[in-house]
Amino acid sequence: MVKTIKGEGLCEFEEHLKDNDKAERTIEAYVSDLQKFVTWYMQSNGDALTPNVLTTTDVREYRTYMLRTKVAPSTINRTLASLRAYAEWAVSRDQLNNNPVRGIKGVEEQPSAPKWLEKREQLVLLREIEREVNAARTGAAKRQSWRDQALVTLMMQTGLRVSEVCDLEMNDLTLSERKGLATVREGKGSKQREVPLNAEGRRVLKLWLEVREGKDWQFVFIGQRGEPLRPRAVQRLLADYGRRAGVEVTPHTLRH
């Protein structure tokens, strides 16, 4: 539930975001940023914030305030984006003649090093999946656990993007005793490439393909009704295994 924000026009802006199907997390971020700006504005100007009084000077001063109080650059840039969206909404309602945030530049962010799973975390994650395989009793549970084991192992060992894994088709795989390849037909930049599969990757893939129902189905990784797995489903699957294993797992961390 998004916390209601105080101030003239702000509740209406929140409803505007909901009506435009903004994601819940996006709404929460905008609300939080605007709440902090409202507090600062009242302390600095002695008046409540309304859409028609927002000025470029106010936004510049708030940007300086955030820099002075050592707010993270990413938070400053997100706050400016929130204020920009609020001002754009006010312009659409004829409460402002122009967007006073549009010309204000963000703060340079230092690129953060990509996160990855340490070797110990990889082993903990794989062990949790193996436990799921061992605990499976029904045919459906066994198929799902072997699928998950093949999926996670493949992503961990090849660095494939989650969309590339979901798009893998049966005729994209070449498996033999001594070598294996996965052909990515629509990679980044629409480039095709071949990714080698090591012995462990081939082993778990073969286990999955042996129990996979619907041999004529097109995609390698499928759901219970034969539909191809989608990236959102893979993200949820990884988050669930990570929670049980006590490590933070996303498709991006597996790539590294």
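Look up: the structure comes first, before these words.
Residues numbered from 1 in each chain as written. Predicted model: local features only at pLDDT ≥ 70, side-chain atom pairs only at ≥ 80, totals over all residues. Heavy atoms only, no water.

Attention now goes to the nonpolar core. Counting 37 residues, the largest nonpolar core has L125, F221 and L254 as the members making the most contacts within it. If you list the elements that add at least two residues to this core, you get α5 (119-135), α6 (139-158), α7 (162-167), β2 (180-184), α8 (199-211) and α9 (231-245). Of all hydrophobic cores here, the second largest spans 27 residues; its members include L10, F13, Y62 and V101. (Core = buried A, V, L, I, M, F, W, Y, C linked by side-chain atoms within 4.5 Å. Buried < 20%, exposed > 50% of the residue type's maximum accessible area, 1.4 Å probe, protein only. Helix = DSSP H or I, 4+ residues; strand = E, 2+ residues; numbered from the N terminus.)

So, about the pattern of salt bridges. If the charged atoms of two oppositely charged side chains come close together, the side chains can form a pair. One pass over the structure, following the stated rule, counts 16 salt bridges. Each of E128, R131, E132, D240, R243 and R244 takes part in one network of salt bridges that share partners. (Salt bridge = Lys/Arg side-chain N within 4 Å of Asp/Glu carboxyl O.)

What follows covers the sheet that holds β2. Strand order in the open sheet formed by 3 strands is β1-β2-β3, and the pairing between neighbours is antiparallel. Edge positions in the sheet fall to β1 (173-175) and β3 (193-196), since each has one partner strand and no second. Adjacent strand axes in the sheet meet at a mean angle of 20°, parallel and antiparallel pairs treated alike. Along the sheet, α8 contacts β1 and β2; its crossing angle with β1, the most-contacted strand, is approximately 110°. (Pairing = 2+ DSSP bridges. Axes fitted to C-alpha atoms, helices over the stretch in contact; angles between N-to-C directions. Contact = heavy atoms within 4.5 Å.)

Take the packing of α6 against α9 next. Orientation of α6 relative to α9, taken along the N-to-C sense of each, is 95°, at an axis distance of 12 Å. Classified by the angle their axes make, α6 and α9 are roughly perpendicular. Contacts between α6 and α9 involve R147, D148, L151, V152 and M155 from the former and V234, L237, L238 and Y241 from the latter. Residue composition of the contact of α6 with α9, by class: 7 nonpolar, no polar and 2 charged. (Parallel < 35°, antiparallel > 145°, perpendicular 65-115°, else oblique. Nonpolar A, V, L, I, M, F, W, Y, C, P; charged D, E, K, R; others polar.)

Shape descriptors only; they carry no functional weight alone.
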